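Residues per chain, in single letters:
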Amino acid sequence: MSVFGLFGRKAARRRPDTDGPGRSVRLLIEGMHCTSCGLLIDDELEEVPGVASAATDTRSGHCVVRLEEAVDVDPAALTTAVEAAGEYTARVVG
């Protein structure tokens, strides 16, 4: 089974949206071992109200989370979402 079968259509788009309105938060994530880890984390983050998109780079351990324009997102909600995805830890670095 392909990654697309496991994670659905969201897996097809994993480039961070750095253009356009809104702001972004950068997370440093520990505990990832493979691309599937990053996809699981992205899916959990995208369920947080106010998150427009998430793109995790498993090589660097960083994730760029794009936030919707007029919504305030508590950074603790982002780190909690990462931890809910599995045995990962996250902290905001920018």
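Our subject is the structure listed above.
Reference entry: report on the structure contained in this document. Keep in mind that what you see is a predicted model, and the values were worked out from it rather than measured.

Comments concerning the overall build of the chain
Tallying secondary structure elements over the chain gives 3 helices and 4 strands in all. Going from N to C terminus, the chain has its helices and strands arranged as α-β-α-β-β-α-β. Looking at the 94 residues of the chain, the share that counts as buried comes to 38%. In the chain, the share of contacts with a sequence separation of at least 24, taken over all contacts with a separation of at least 6, comes to 66%. Split by element, the accessible area of the chain, about 5,700 Å² in all, is 51% carbon and sulfur.

Thoughts on the sheet that holds strand β2 (residues 51–57)
Strand pairing in a sheet relies on backbone hydrogen bonds. The paired strands run either parallel or antiparallel. Taken together, the 4 strands give an open sheet; going across it, the order is β2-β3-β1-β4, and neighbouring strands pair in antiparallel fashion. Of all the strands in the sheet, the pair left with one neighbour each is β2 and β4 (89–92). Across this sheet, the average inter-strand angle for adjacent strands is 25 degrees, counted without regard to direction. Sheet topology note: the β2/strand β3 (residues 62–67) ladder contains 6 bridges and is antiparallel. If you follow alanine 54 over to β3, its bridge partner there is valine 65. Lying on the sheet, helix α2 (residues 35–45) is in contact with β1 (23–30), β2 and β3; it crosses β2 at an angle near 165 degrees. Contacts from helix α3 (residues 75–84) reach β1, β2, β3 and β4 within the one sheet, and its direction differs from that of β4 by about 160 degrees.

Considerations on the pattern of salt bridges
Taken as a whole and judged by the stated rule, the model has 1 salt bridge. A salt bridge links arginine 23 to aspartate 72; the shortest N-O distance between them is 3.3 Å. Taken together, the positions of arginine 23 in strand β1 and aspartate 72 in the loop between β3 and α3 put the pair 49 residues apart, joining distant regions of the chain. By relative accessible area, which is 73% here, aspartate 72 ends up exposed.

What about α3?
Residues of α3 that are buried: Leu78, Thr79, Ala81 and Val82. Within α3, the buried residues cover an arc of 155 degrees as seen down the axis, which keeps them to one side. Lining the buried residues of α3 we find β1, α2, β2, β3 and β4.

Conventions used here
Residues numbered from 1 in each chain as written. Predicted model: local features only at pLDDT ≥ 70, side-chain atom pairs only at ≥ 80, totals over all residues. Heavy atoms only, no water. Helix = DSSP H or I, 4+ residues; strand = E, 2+ residues; numbered from the N terminus. Buried < 20%, exposed > 50% of the residue type's maximum accessible area, 1.4 Å probe, protein only. Contact = heavy atoms within 4.5 Å. Areas by Shrake-Rupley, 256 points an atom, 1.4 Å probe, with all protein chains shown as cover. Pairing = 2+ DSSP bridges. Axes fitted to C-alpha atoms, helices over the stretch in contact; angles between N-to-C directions. Salt bridge = Lys/Arg side-chain N within 4 Å of Asp/Glu carboxyl O. Arc of directions from axis to C-beta.

Limitation: the analysis is restricted to geometry and does not speak to function.
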